[in-house]
Amino acid sequence: MALKIYNSYSRQKEVFTPITPGHVGMYVCGPTVSGESHLGHARPYITFDVVFRYLSYKGNKVRYVRNITDAGHFEEEGREAEDKVGKKAQLEKLEPMELVQKYTNLYHWAMKRFNNIEPSIEPTATGHIVEQINMIEKIISEGYAYEVNGSVYFDVKKYAAGHDYGKLSGRIIDDLLETTRELEGQEEKRDRADFALWKSAAPEHIMRWKSPWGEGFPGWHIECSAMATKYLGPEFDIHGGGMDLQFPHHESEIAQSTICNHQAPVRYWMHNNMITINGRKMGKSYNNVIKLTELFSGNHPLLTQAFHPMTIRFFILQSHYRSTLDFSSEALVASEKAFKRLWEAYEVLQKLDVGAAVAGNAELDENINRWLAELEEFLDDDFSTAKVLANLFEMAPVINALKDGHLPADSISTATLKLMKERFKTVMEDILGLEAVSGADNEVLQGIMDLLIDIRKEAKSKKDFVTSDKIRNQLTAIGILLKDEKDGGMSWGME
RNA sequence: GGUCCUUUGGCCGAGUGGCUAGGCAAAGCUCUGCAAAAGCUUCUACAGCGGUUCGAAUCCGCUAGGGACCUCCA
């Protein structure tokens, strides 16, 4: 089966063919570590983690590059060029690199909790100043950039004359050139559509580097082009990021790399949509973000409780990555319950030991095989994780019914059961990256629970319900749920 | 103002012109010492109007609402 990816550049689904068979180069725009990550940031990294996992599952050797932006961006281009990282650092009375380290650590911690696999290479902007300067020099020598007062700008008008500037973001260059809005400090640029490759640093600027044009810092877009080129080559397979980066960031990346390397850098552009809150994009401009630390702790007015990273991962996977996804505490509660149910069914499945040589219920057996086969079809169809989960849910009642004896043990064949176990594990753990929420991986705790369950079983068999209820109620009070099962067994789990 | 997207049942959300997406919530039943869990059943929607079609949530047009980008943003 062929994987199809929706290419933002062509605006249609295309069969994915790697440049080098069996190898995939993928670049995803990483965070600016000048502040804490919020829920909106979780989406691209979870989305592209699944892309990474699935491409690997399909037998590709994937080089996944995701940068850390630790050098300054412009607070507002054209106005006083401010180094975002530097500015905040001064406010907080921290060394810039101390601040960068703090938020980088927090970001890594969150990524780990989401069970995201680390990228193959995680380059930093500050570690690639030389590469960026080299690239700018190349663009100047090609005649597509010019220097003014220690800053360097990309000549968009000249580029647009021979290239399709605006194709990715669906923009018309003439409209950009005619924008009426006035910004201060535009006079340096030959044209308002031009963007900075290098900015001369004001004296108070903390982050600054020597360059052929004087001391300054790199422009917003050049770091990604420089690092992508360095690690993935002049042309690579996939470039991902949030939809809000399409313009100007990605559009500019295309322009820079195309001039520098004489070819378009990216074969497939992938953009995830935004997470919204009350229908509005979650973002710092709207002042409506919920930080990941707040989500994990429940410490936010809009949250009714704390949410586990897996709940958030599941929540995100329940929608398609190109749709907006509306956040609410209720929606997360629903995801938490849904994930719990699915995961429990999955655990039951792995312990299930039923089946017959020939399925007793041919129709059911057939359905299961179809549901299982469809999992990969859905993933091949531009990573339709929502449909994958829906199919898995179709099988949950079957699993539970087999366990409870509502369905005869020989309803399905042993071959089907075996396939089911294998597919569930592959899809849920390896591809979707889901993992168990609460651990009974603590041996001491497990031992104590075994003991309590033993005592309770004894009490129950003597019809001593006072004792048995006491055990169950007190465990409930500390967040451990005991469930009596059909066969007289008991299972437990953390709230 | 320009460009583009979107509007699905109480809520969240899939949806390729014809066949019940799924989840959460709710109601009833079964099981159960009581619970919980689980199973079964019920709840059939596509903003409005018009058009194309044998047939439209799905295509086209208009109207209304919401949103994104055009500036830092995942």
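It should be emphasised that the depicted structure is a prediction, and the values quoted were computed from it without experimental measurement.

Colleague: Is there a simple way to think about the pairing of strand S7 (residues 195-200) in this case?
Modeller: In regular strands, side chains alternate between the two faces of the sheet. Counting buried positions along S7 gives 5 out of 6 residues, so the element sits mostly inside the fold. For strand S6 (residues 151-154) and S7, the ladder comprises 3 bridges, and the chain directions are antiparallel. Across the sheet, the residue bridging to valine 152 is tryptophan 198, located in S7.

Colleague: Can you walk me through the packing of aromatic side chains in this structure?
Modeller: Aromatic ring pairs are defined here through the distance separating the ring centres and the angle between the ring planes. The final tally for this structure, using the stated rule, is 18 aromatic pairs. With 5.6 Å between their ring centres and 70 degrees between their planes, phenylalanine 114 and phenylalanine 296 make a pair best called edge-to-face. Within this pair, whereas phenylalanine 114 is found in the loop between helix H3 (96-113) and helix H4 (129-141), its partner phenylalanine 296 is found in helix H9 (residues 292-297), the two being separated by 182 residues in sequence. Residue phenylalanine 296 is classed as buried on the basis of its relative accessible area, which comes to 13%. Grouped by ring-pair contacts, the aromatic residues Phe314, Phe339, Trp343, Tyr346, Phe393 and Phe424 constitute a single cluster. The ring of tyrosine 144 carries the charged tip of lysine 158 above its face, separated from the ring centre by 4.9 Å. A cation sits over an aromatic face here: arginine 322 above tyrosine 321, 5.9 Å from the ring centre.

Colleague: Would you mind showing me how to read empty space enclosed by the protein here?
Modeller: If you roll a probe as big as a water molecule over the atoms, it shows you where there is empty space left. Applying the stated rule across the entire model yields 2 cavities of 30 Å³ or more. Empty space within the largest cavity amounts to approximately 90 Å³. Surrounding the largest cavity, Arg43, Thr47, Val50, Val51, Ile316, Leu317, Ser319, Tyr321, Phe383 and Thr385 form its lining. At the level of secondary structure, the elements contributing two or more residues to the lining of the largest cavity comprise helix H1 (39-57) and helix H10 (309-317). For the lining of the largest cavity, the element with the highest residue contribution is H1, accounting for 4 residues. Taken domain by domain, the makeup of the lining of the largest cavity includes at least three residues from each of domain 1 (17-272) and domain 2 (277-431).

Colleague: I tried to follow the sheet that holds strand S3 (residues 23-28) on my own but got confused; where do I start?
Modeller: Hydrogen bonds between backbone groups are what pair the strands of a sheet, and the pairing can be parallel or antiparallel. The parallel open sheet is built from 4 strands, whose spatial order is S4-S3-S9-S10. In this open sheet, the two edge strands, each paired with only one partner strand, are strand S4 (61-66) and strand S10 (266-272). Mean inter-strand twist for the sheet, computed between neighbouring axes without regard to direction, equals 20 degrees. Pairing of strand S9 (residues 236-242) with S10 involves 6 bridges; the strand directions are parallel. Its bridge partner lying in S10, glycine 240 is registered against methionine 270.

Colleague: Please explain the sheet that holds strand S13 (residues 325-327) as it appears in this structure.
Modeller: Strand order in the open sheet formed by 3 strands is S12-S11-S13, and the pairing between neighbours is mixed. Both outer strands of the open sheet, strand S12 (280-281) and S13, are each paired with one neighbouring strand and no more. For strand S11 (residues 275-277) and S13, the ladder comprises 3 bridges, and the chain directions are parallel. Opposite threonine 276, over in S13, you have aspartate 326 as the bridge partner.

Colleague: Which parts of the structure should I look at to understand unusual backbone geometry?
Modeller: Among all residues except glycine, the phi angle is most often negative; among peptide bonds, the trans geometry is most common. Residues phenylalanine 247 and proline 248 are joined by a peptide bond in cis, for which omega reads 0 degrees. Tracing the chain through its elements places proline 248 in helix H8 (residues 246-261). The phi dihedral of asparagine 149 is positive, around 50 degrees, even though this residue is not glycine. Residue position: asparagine 149 is located in the loop between strand S5 (145-148) and S6. By relative accessible area, asparagine 149 is classed as exposed at 58%. Not every positive phi belongs to a glycine, and asparagine 278 is a case in point at roughly 55 degrees. Position of asparagine 278 relative to the elements: it lies in the loop between S11 and S12.

Colleague: How should the pattern of salt bridges be read in this particular structure?
Modeller: A side chain with one charge can pair with a side chain of the opposite charge if their charged atoms come near. Inspection of the entire model under this criterion finds 23 salt bridges. Across the pair glutamate 118 and lysine 112 runs a salt bridge, and its minimum N-O distance is 3.7 Å. Summarising the burial analysis for this pair, glutamate 118 and lysine 112 share the class exposed. Residue arginine 423 pairs with glutamate 376 through a salt bridge whose shortest N-O separation is 3.5 Å. Of the two residues, arginine 423 sits in helix H14 (residues 414-431) while glutamate 376 sits in helix H12 (residues 362-380), which places them 47 residues apart along the sequence. Each member of the pair arginine 423 and glutamate 376 is classed as buried. A network of salt bridges, in which partner residues are shared, links Lys58, Glu376, Asp380, Glu422 and Arg423.

Colleague: Which parts of the structure should I look at to understand the domain arrangement of chain A?
Modeller: Note on interface size: it is often stated as the accessible area lost on association of the parts. One can read the domain layout of chain A as domain 1 (17-272), domain 2 (277-431) and domain 3 (443-494). Here the C-alpha centre of domain 3 lies 28 Å away from the C-alpha centre of domain 2. Taken together, the 5 residues of domain 2 in the interface contact 4 residues of domain 3. Surface buried jointly by domain 2 and domain 3 totals about 300 Å² across both partners, of which 34% is contributed by carbon and sulfur atoms. The largest per-residue losses of area from domain 2 upon contact with domain 3 belong to Lys340, Lys403 and Asp404, which jointly make up 71% of the total buried on that side. Measuring nitrogen to oxygen at the nearest pair gives 3.3 Å for the salt bridge that ties glutamate 344 to lysine 483. The tally of links between domain 2 and domain 3 comes to 1 residue pair in polar contact (both at pLDDT 80 or more). Listed by contribution, the elements that provide at least two residues to the side of domain 2 that touches domain 3 are helix H11 (329-351) and helix H13 (385-404). For the side of domain 2 that touches domain 3, the class distribution of residues is no nonpolar, 1 polar and 4 charged.

Cut-offs applied
Residues numbered from 1 in each chain as written. Chains lettered and ligands numbered in written order. Predicted model: local features only at pLDDT ≥ 70, side-chain atom pairs only at ≥ 80, totals over all residues. Heavy atoms only, no water. Buried < 20%, exposed > 50% of the residue type's maximum accessible area, 1.4 Å probe, protein only. Helix = DSSP H or I, 4+ residues; strand = E, 2+ residues; numbered from the N terminus. Pairing = 2+ DSSP bridges. Phe/Tyr/Trp six-rings, centres within 6.5 Å; stacked < 30°, edge-to-face > 60°. Lys NZ or Arg CZ within 6 Å of the ring centre and 35° of its normal. 1 Å grid on protein atoms, 1.4 Å probe; cavity = no way out; pocket = protein on both sides within 12 Å on 5 of 7 lines; lining within 4 Å. Points joined across faces, edges and corners; volume = space filled by probe spheres on them. Domains from an automatic or database assignment. Axes fitted to C-alpha atoms, helices over the stretch in contact; angles between N-to-C directions. Salt bridge = Lys/Arg side-chain N within 4 Å of Asp/Glu carboxyl O. Contact = heavy atoms within 4.5 Å. Buried area = accessible area lost by both parts, 1.4 Å probe. Polar contact = N/O pair within 3.5 Å; in protein donor to acceptor, adjacent residues only side chain to side chain. Nonpolar A, V, L, I, M, F, W, Y, C, P; charged D, E, K, R; others polar.

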